[in-house]
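What the coordinates show
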Amino acid sequence: MYLVEVESAAKDQAAEVVAPGAPSDRWEEFPYSRLSHHGDRCCEMARQWVVAMDFAQLNGASVESGPRWLREKYKWGPSPWPMHWCDVVERDTIDCGAHAALALEVFAARGLAAFPAQLVQKYSKEATDQWRGSWEAEEVSCHWLDGEHIYHEATAVLVGTGELKVWDGSAGSWVNPRQRGGYGSVLSIRVFADSPEAISNGFRWGEQRIAANRWQQIG
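**Notes on the nonpolar core**
In terms of nonpolar packing, the biggest core is built from 18 residues, with I189, V191, F203 and W205 touching the most fellow members. Residue assignment for this core shows that the elements contributing at least two residues are β3 (114-122), β5 (149-160), β6 (163-168), β8 (185-191) and β9 (203-205). Once residues within four sequence positions are removed from consideration, V191 is found in contact with F115, P116, A117, A156, L164, F203, I210, A212 and N213. Core analysis: the second largest hydrophobic core is formed by 17 residues, C43, W85, I94 and A101 among them.

This is the structure in structure tokens:
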């Protein structure tokens, strides 16, 4: 075989190598969490209570403040789905999807542009094994765990022209867009938006450009 043929064969073999998947691939088709509504007074009164409670807790602070009172009221942990508005207000413990859904509602009620956000974060195998045990003990799905990676939900809030902050309701804090590597670091983010401007221009999160409605790998 001539050298040129060897080089050509090597290129063909390299092209056939499948690129390693992104951590978010497991959750490519996974929808963000939505609280259900019975279409009756039970759920509407519960939703209005959450909004009114948020305005009371805000107490004149900036509308861009994180709703930390939700984290104080609800512990983070396993919770069953589907979940209705009238269910969530009665619970002591809710998961990240319910936290994110409640935060989305209160940010929108404050007049802010808010969007569902999904994250993939890196922890340790020991941590995810412990969480798996807690979720299995409650007979709740562990779909959000994959080795040292976890699927997580948050709420993105528009705070400037195309600029986002991401509120982690389960932690009761804003997600640091500059953290790279290490325990709890964000590996992937997906922000859902349906406005033509967001779909066309995307967002800026720290130094990252975030396209709407698709996973963005961080770093």
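**Looking at the confidence of the model for the chain**
The predicted model of the chain averages 90 in pLDDT, with 90% of residues at 70 or higher. Helix α5 (residues 96-109) holds the highest mean pLDDT among the elements of the chain, 98, whereas helix α1 (residues 3-16) holds the lowest, 47. Within the model, the stretch residues 1-6 combines pLDDT values under 50 with 1 contact to residues more than four positions away or in other chains. pLDDT under 50 marks residues 13-18. Its contacts with residues more than four places away, or in other chains, come to 0 contacts.

Conventions we followed
- Residues numbered from 1 in each chain as written.
- Predicted model: local features only at pLDDT ≥ 70, side-chain atom pairs only at ≥ 80, totals over all residues.
- Heavy atoms only, no water.
- Core = buried A, V, L, I, M, F, W, Y, C linked by side-chain atoms within 4.5 Å.
- Buried < 20%, exposed > 50% of the residue type's maximum accessible area, 1.4 Å probe, protein only.
- Helix = DSSP H or I, 4+ residues; strand = E, 2+ residues; numbered from the N terminus.
- Contact = heavy atoms within 4.5 Å.
- pLDDT = per-residue confidence, 0-100.

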